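Working through the structure, step by step
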Amino acid sequence: EAFFVGGCVRNALMGFAVDDLDIATNAEPQAIITSCENRGLKCIPTGIDHGTITVVSDGIVHEITTYRRDVQGDGRHAIVEFSTQMQEDAARRDFTINALYADRHGKIYDPLGMGKDDLAQKRVTFIGSADERIREDYLRILRFFRFSAIYADQDQGFDPETLSVISYHLDGLDRLSYVFPIKAHDLMPQYSGPSLGQKLRTLEKQWIDSEFRLTKEALLNGI
């Protein structure tokens, strides 16, 4: 089985442009490669150790990833095991609105039972315990603000309990070896809504790919 998942499903439901095509499947990486290559598709083992194969079809890039469950984490990178269950794959994700799946006919699957409602109500909610999700990956702090800028109801403001958990975990950002090149509060006058979200997305990619460091002060000022 294979399902579209995450951003492409979320954006399609919101009427936003779909930029990335992520697919989740119960097939393991080598089975994905064999199946796609037998159909003449180009496969790139971009993240094969974590179950991700990049497949190019008609010039369109698809990231196909085997269902996973986390076994161990260090605050940034997780050791994963492959799974055959969508429920387990959904439970390891960050936000409920990021755990929505769709089949090729457009039928939506919400295995955790919260994603569709949170998306409709324009809420960004951590899956399960915000404390646990942040401990697994401190980058989720930045992702929370980026998702909120794009998908949340700006009139509702931030959930106080979530901000409290984020504030508690700011020291965890010291585990990340990058520098954030701009303070979060400096973004606010110039960017809002989707524009701010896109800016944060760019900065998040810089954080991962170009070795920038995010300081605790940036988020403290942003909060």
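Predicted model only: the values in this text are computed from it and were never measured. (Residues numbered from 1 in each chain as written. Predicted model: local features only at pLDDT ≥ 70, side-chain atom pairs only at ≥ 80, totals over all residues. Heavy atoms only, no water.)

1. Things to note about the packing of aromatic side chains
Keep this limit in mind: A pair of Phe, Tyr and Trp rings is counted when the ring centres sit within 6.5 Å of each other, with Trp represented by its six-membered ring. The angle between the planes then sorts it: under 30 degrees is stacked, over 60 is edge-to-face, the rest tilted. Each helix is a run of DSSP H or I of at least 4 residues and each strand a run of E of at least 2, with the numbering of both proceeding from the N terminus. To sort residues, take the accessible area from a 1.4 Å probe on protein chains only and compare it with the maximum for the residue type: under 20% means buried, over 50% means exposed, and anything in between is partly exposed.
Under the definition given, this model contains 10 aromatic pairs. Ring plane angle 65 degrees and centroid distance 5.1 Å describe the contact between Phe-3 and Tyr-109, whose orientation is recorded as edge-to-face. One end of the pair, Phe-3, is in strand S1 (residues 2–5); the other, Tyr-109, is in strand S9 (residues 108–109), with 106 residues separating them in the sequence. Of the residues examined, Phe-3 reaches a relative accessible area of 10% and is grouped as buried. Members of the aromatic cluster, each reached through a chain of ring pairs, are Phe-16, Phe-95, Phe-126, Phe-144, Phe-145, Phe-147, Tyr-151 and Phe-158.

2. Digging into helix H6 (residues 140–151)
Heads up, the rule is: To estimate how far a helix should reach, multiply one less than its number of residues by 1.5 Å.
Across its 12 residues, H6 extends 15 Å between first and last C-alpha, which sits within 8% of the 16 Å expected from 1.5 Å per residue. Of all 12 residues making up H6, 12 are buried, and the element is well covered by its neighbours. Of all the positions in H6, only Arg-140, Ile-141, Leu-142, Arg-143, Phe-144, Phe-145, Arg-146, Phe-147, Ser-148, Ala-149, Ile-150 and Tyr-151 are classed as buried.

3. Section: the side chain of Thr-25
Our working rule: Nitrogen and oxygen atoms within 3.5 Å of one another constitute a polar contact, given that in protein one can donate a hydrogen and the other can accept it, and given that sequence-neighbouring residues count only through two side-chain atoms. We call two residues in contact whenever any of their non-hydrogen atoms come within 4.5 Å of each other.
Its location among the elements puts Thr-25 in strand S2 (residues 21–25). Here Glu-1 takes part through its backbone oxygen, which lies 2.6 Å from a polar atom of the side chain of Thr-25. If we skip the residues at most four places from it in the chain, Thr-25 touches Glu-1, Ala-2, Ile-32, Ile-64, Thr-65, Thr-66 and Tyr-67.

4. Quick notes on helix H7 (residues 160–168)
The following threshold applies: The directions from the helix axis to the C-beta atoms form the arc being described.
Restricting attention to buried positions, one finds in H7 the residues Thr-162, Leu-163 and Ile-166. Looking straight down H7, one finds its buried side chains confined to an arc of 100 degrees; they lie on one side. Residues of H7 that are exposed and point over 90 degrees away from its buried face: Pro-160, Glu-161 and Tyr-168. In the core, the buried residues of H7 are packed alongside helix H5 (130–136) and H6.

5. What to know about the side chain of Arg-68
Using the following cut-off: Asp and Glu are treated as the negative residues and Lys and Arg as the positive ones, with His and the ends of the chain left uncounted. Note on definitions: salt bridges are taken to be side-chain nitrogens of Lys or Arg within 4 Å of carboxyl oxygens of Asp or Glu.
As for its placement among the helices and strands, Arg-68 is situated in strand S6 (residues 68–73). Buried within the structure, Arg-68 lacks any salt-bridge partner; Asp-89 is the closest side chain of opposite charge, at an N-O distance of 4.8 Å. Each residue touching Arg-68, except ones within four places of it in the same chain, is listed here: His-50, Thr-52, Val-80, Glu-81, Phe-82, Ser-83, Glu-88, Asp-89 and Arg-92.

6. Focus: the nonpolar core
As a reminder, the rule being used: Buried residues of nine kinds, namely Ala, Val, Leu, Ile, Met, Phe, Trp, Tyr and Cys, make up a nonpolar core once their side-chain atoms join them within 4.5 Å.
Residues Phe-95, Ile-97, Val-124, Phe-144 and Ile-166 are the most contacted members of the largest nonpolar core, which totals 23 residues. Broken down by secondary-structure element, the contributors of at least two residues to this core are helix H1 (7–14), H5, H6 and H7. Per-element tally for this core: the top contributor is H6, with 6 residues.

7. Considering the sheet that holds S9
Rule in force here: Strands were regarded as paired on the criterion that DSSP finds at least two bridges between them. To obtain an axis, a line is fitted to C-alpha atoms, over the contacting stretch when the element is a helix, and the angle between two such axes runs from 0 to 180 degrees between their N-to-C directions.
With mixed pairing, the 7 strands of this open sheet are ordered in space as S3-S4-S5-S2-S1-S8-S9. Each end of this open sheet is capped by a strand with a single partner; those strands are strand S3 (42–47) and S9. Here strand S8 (residues 101–102) runs beside S9; their pairing, made up of 2 bridges, is antiparallel. The residue bridging Ala-102 from the neighbouring strand is Ile-108, located in S9. Relative to S1, H1 is tilted by about 60 degrees, and along the sheet it contacts S1, S2, S8 and S9.

8. Points about the environment of Ala-130
You can see Ala-130 is positioned in helix H5. Taking relative accessible area as the criterion, Ala-130 reaches 16% and is therefore assigned buried. Separated by 36 residues in sequence, Ala-130 and Ile-166 place their C-alpha atoms 8.3 Å apart.

9. A look at the pattern of salt bridges
A complete count under the given rule lists 11 salt bridges for this structure. For the salt bridge of Glu-81 with Arg-69, the shortest nitrogen-to-oxygen distance reads 3.2 Å. Remark: Arg-69 occurs in strand S6 and Glu-81 occurs in strand S7 (residues 78–82); sequence separation between them is 12 residues. Owing to a relative accessible area of 37%, Glu-81 belongs among the partly exposed residues under this scheme. Residue Glu-88 is joined to Arg-69 by a salt bridge in which the shortest nitrogen-to-oxygen separation is 2.9 Å. You can see Glu-88 sitting in helix H3 (residues 86–91) and its partner Arg-69 sitting in strand S6, a full 19 residues away along the chain.

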